[in-house]
Amino acid sequence: MSKSKSLAFVIAALSYSFFSLFSSPPKSHYHELFISTSFSDNASVALNLHTLTRRPHVAGTVANAEAAEYVRSVFTSSALKSHVVAYQVSLTYPVHRSLVLTPTDSAKPITFLLEQEKLGDNPYANEVMPTFHGYAKSGNVSGPVVYANYGRVEDFVRLKKDMGVNVSGAVVIARYGQIYRGDIVKNAYEAGAVGVVIYTDKRDYGGDEWFPASKWMPPSGVQVGTVYNGLGDPTTPGWASVDGCERLSDEAVELSGDVPLIPSLPVSAADAEVILKTVVGDVSDGDVYPVGPGPGVLNLSYIGETVIAKIENVIGVIEGEEEPDRYVILGNHRDAWTFGAVDPNSGTAVLMEIAQRLDKLQKRGWKPRRTIILCNWDAEEYGLIGSTEWVEENREMLSSRAVAYLNVDCAVSGPGFHASATPQLDELIKVAAQEVRDPDNATQTIYESWIGSSDSVVIRRLGGGGSDYASFVQHVGVPGVDMSFGRGYPVYHSMYDDFTWMEKFGDPMFQRHVAMASVLGLVALRLADEEIIPLNYTSYALELKKSAEDLENEKLGHSIDVSTLIKSIEDLSTAAKRINIEKEAVKGTLKVRELNDRLMMAERALTDRDGLSERPWYKHLIYGPSKYDDYGSKSFPGVDDAIDNANRVNTKASWENVQHQIWRVSRAIRHASLVLKGELI
């Protein structure tokens, strides 16, 4: 070899070595590290959860402010630029509660203690707030008792039409388990009831043994919670509750229709059993439906205090290196009705684990392409207040810059992976689940266990109002995800949802928490790092096609035509396939940016500035809560509301409104197609 060739070879080798030493590895390398066992730490997860759940921490209390400071300290130590965003919001707390049953057979009145039995060795059990409903109406009412099963619309229809029972003037007793508690109270009010008692039925939440011996709710356990039917601070609907802001009066809040108009109380299965057996009869047989009204009077008295309280959202930011003005947002709430080991602090522990892993990645040289924001919300339990106020304050920025919102609430309550999402994120969730090992079966991935379950790769939708994704998806139109291990748990919203329950029954080794951090974090990293944002609208078109077919199969009559809806979905499918082809060939920074903007903004096009009829805060025309169950998810919620109304009143105008709502959805889907195409007509 000549000297010149030898020199060239040496220079080339040195150049390669220099490049290898000082160039950054591909993003995929860091993603593999993120989900590796060397990066995960179940002991740290357990410590964080134990610290967060040491004391009850209801929104607006000192204990919850201390929890906020702890979350911020972890964010800061994990190299996130962290800060607190505070709001002054209207919250309610119990002052007086009583429930007295007076049988008419001259038996002695029964006064219920309304207390949960202190079980186990939790030293802070005495700090648990008395059982109540957030935003319950104060009042003192008496009446005969009527049993209304789950308190659904169909239950009250059955009482009136099938059984001839008049609910007017009665105190309704209903059980948790099928619909949102606020809708139980609302349905009872509309049926003429003067008060509502809601209990935790052992058929739904109990077992032969109970906590601390087993996972089931003890007979004295009470599910507390809010009965507010809106989102955000009731006194600032549509705008943020900052210092000195405009507020509605108490009278205006009551006229809004979102706060209950009759008093209510949650009670235990043990107390409910006394009421039911004394007044109604035996309801232990699910096929038997004794309803009353029975030989007795129930007096319900509740006085609540409404205060303007400080709440604190903790925000942590890792700024994007190439696209700092594009946001991938992860969120979880911190406040709990009691100790909150499952709801919500399993999710908080997952969020903190993600923060700590991202810190490890940054120390290895990783920097995200887009900005990642971690949000720990406050006052979710009262009505998604912390997240809603923040979204309302940052609405325009989020509308133009948010890529996606990834939510985790009850992250872990048992085995089995579950996901809900807007459909363009379906494939990304499945891919992430294929890369993380199942925490309950190391021989399989989460995806492999998922497809073998009864819930085989069913990704639910985000139409319900059950957690903090609601403001992002339903108000602004940001693509969203919500994930969990386990689905529902018996001690929900009771004082028994503590660290001991989690350690014994929810996740003894805290490996489910670790796996949830891996899946959720991996989805976030892909959204933040991939050059082309991994959103696939062909999944969306397929999902909409199914929903349109379901609507068509209802055979509504009255000349209702869904052909325009079907045509708009076909156009969306075409546009989705076209942009997928574009992804393969696009080159150049500006071209990539423009294509990503179309992918990001298509979801916004499915919103309408006028919102749903009679529910204008909800802007999304594809996914929103059912009018009669805030937890229930509906496709085309405006159409569903119109059909329900038309079936009741059966007028020409009501059926014309059904057609109008179908037209509105069709137009929104067409707008989404135009955004994906990126062309003016």
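Conventions and cut-offs
- Note on numbering: residues in each chain are counted from 1, in written sequence order.
- Selection of residues for local features in this predicted model requires a pLDDT of at least 70, selection of side-chain atom pairs for listing and counting requires 80 or more, and totals for whole chains, interfaces and linings are taken over all residues.
- Remark: hydrogens and water are excluded; side-chain values derive from all non-hydrogen atoms of the structure.
- Burial here depends on accessible area, computed with a 1.4 Å probe over protein chains only, as a share of the maximum for the residue type. Under 20% is buried, over 50% is exposed, and the range in between is partly exposed.
- Secondary structure is summarised from DSSP: a helix means a run of H or I of at least four residues, a strand means a run of E of at least two, and numbering begins at the N terminus for each.
- Two strands are counted as paired when DSSP detects at least two bridges linking them.
- Helix axes are fitted only over the stretch in contact, all axes being lines through C-alpha atoms; the angle between N-to-C directions runs from 0 to 180 degrees.
- An angle counts as roughly parallel when it lies under 35 degrees, as roughly antiparallel when it exceeds 145, as roughly perpendicular when it falls between 65 and 115, and as oblique in every other case.
- In what follows, a contact means two residues having at least one pair of non-hydrogen atoms within 4.5 Å.
- Residue classes follow a fixed rule: Ala, Val, Leu, Ile, Met, Phe, Trp, Tyr, Cys and Pro count as nonpolar, while Asp, Glu, Lys and Arg count as charged, and any other residue, Gly among them, counts as polar.
- UniProt positions are given in the numbering used here, feature names are shortened, and annotations may be inferred rather than shown by experiment.
- Ring pairs are drawn from Phe, Tyr and Trp, using the six-membered ring of Trp, whenever the two centres fall within 6.5 Å, and their geometry is named by plane angle: stacked under 30 degrees, edge-to-face over 60, tilted for the rest.
- Counting as a charge over the ring demands two things of the Lys NZ or Arg CZ atom: a distance within 6 Å of the ring centre and an angle within 35 degrees of the ring normal.

Peer 1: I would appreciate a short explanation of the pairing of strand β9 (residues 264–267) in the present structure.
Peer 2: Moving residue by residue along a regular strand, the side chains alternate between the two faces of the sheet. Residue alternation in β9 divides its side chains into two sets, Ser264 and Pro266 and Leu265 and Val267, and both sets are buried. Strand direction decides the pairing type here: strand β7 (residues 195–199) and β9, joined by four bridges, are parallel. Bridged to Tyr199 within β9 is Val267.

Peer 1: Can you help me understand the packing of helix α3 (residues 42–52) against helix α18 (residues 511–529) in this one?
Peer 2: Closest axis-to-axis distance for the α3/α18 pair is 9 Å, and the angle between their directions is 105 degrees. Considering their axes alone, α3 and α18 lie roughly perpendicular with respect to each other. Residues Asn42, Val45 and Leu49 of α3 lie in contact with α18, whose contacting residues are Gln511, His513 and Val514. Looking at side-chain class alone, the contact of α3 with α18 contains three nonpolar, three polar and no charged residues.

Peer 1: Can you help me understand the UniProt feature "domain: Peptidase M28" (unreviewed entry) in the protein in this one?
Peer 2: With numbering matched to this structure, UniProt assigns "domain: Peptidase M28" (unreviewed entry) to residues 313–500. Regarding residues 313–500, the helix share stands at 34% and the strand share at 30%, and the terminal C-alpha atoms are separated by 27 Å.

Peer 1: How should the packing of aromatic side chains be read in this particular structure?
Peer 2: Each aromatic ring pair is specified by the distance between its two centres and by the angle formed by the two planes. Going through the model one piece at a time under the given rule, you end up with 20 aromatic pairs. Look at Tyr540 and Tyr623: their rings are 6.2 Å apart centre to centre, the planes differ by 35 degrees, and that puts the pair in the tilted class. Here the residue Tyr540 occupies a position in helix α19 (residues 537–553), and Tyr623 occupies one in strand β19 (residues 623–626), the gap between them amounting to 83 residues. An identical accessibility class is assigned to Tyr540 and Tyr623; each is buried. Aromatic rings pair up to connect Tyr93, Phe132, Tyr135, Tyr228, Trp337 and Tyr382 into one cluster. A cation sits over an aromatic face here: Arg357 above Phe34, 5.1 Å from the ring centre. In this arrangement the basic side chain of Arg615 is found over the ring face of Tyr618, its NZ or CZ atom lying 5.7 Å from the centre.

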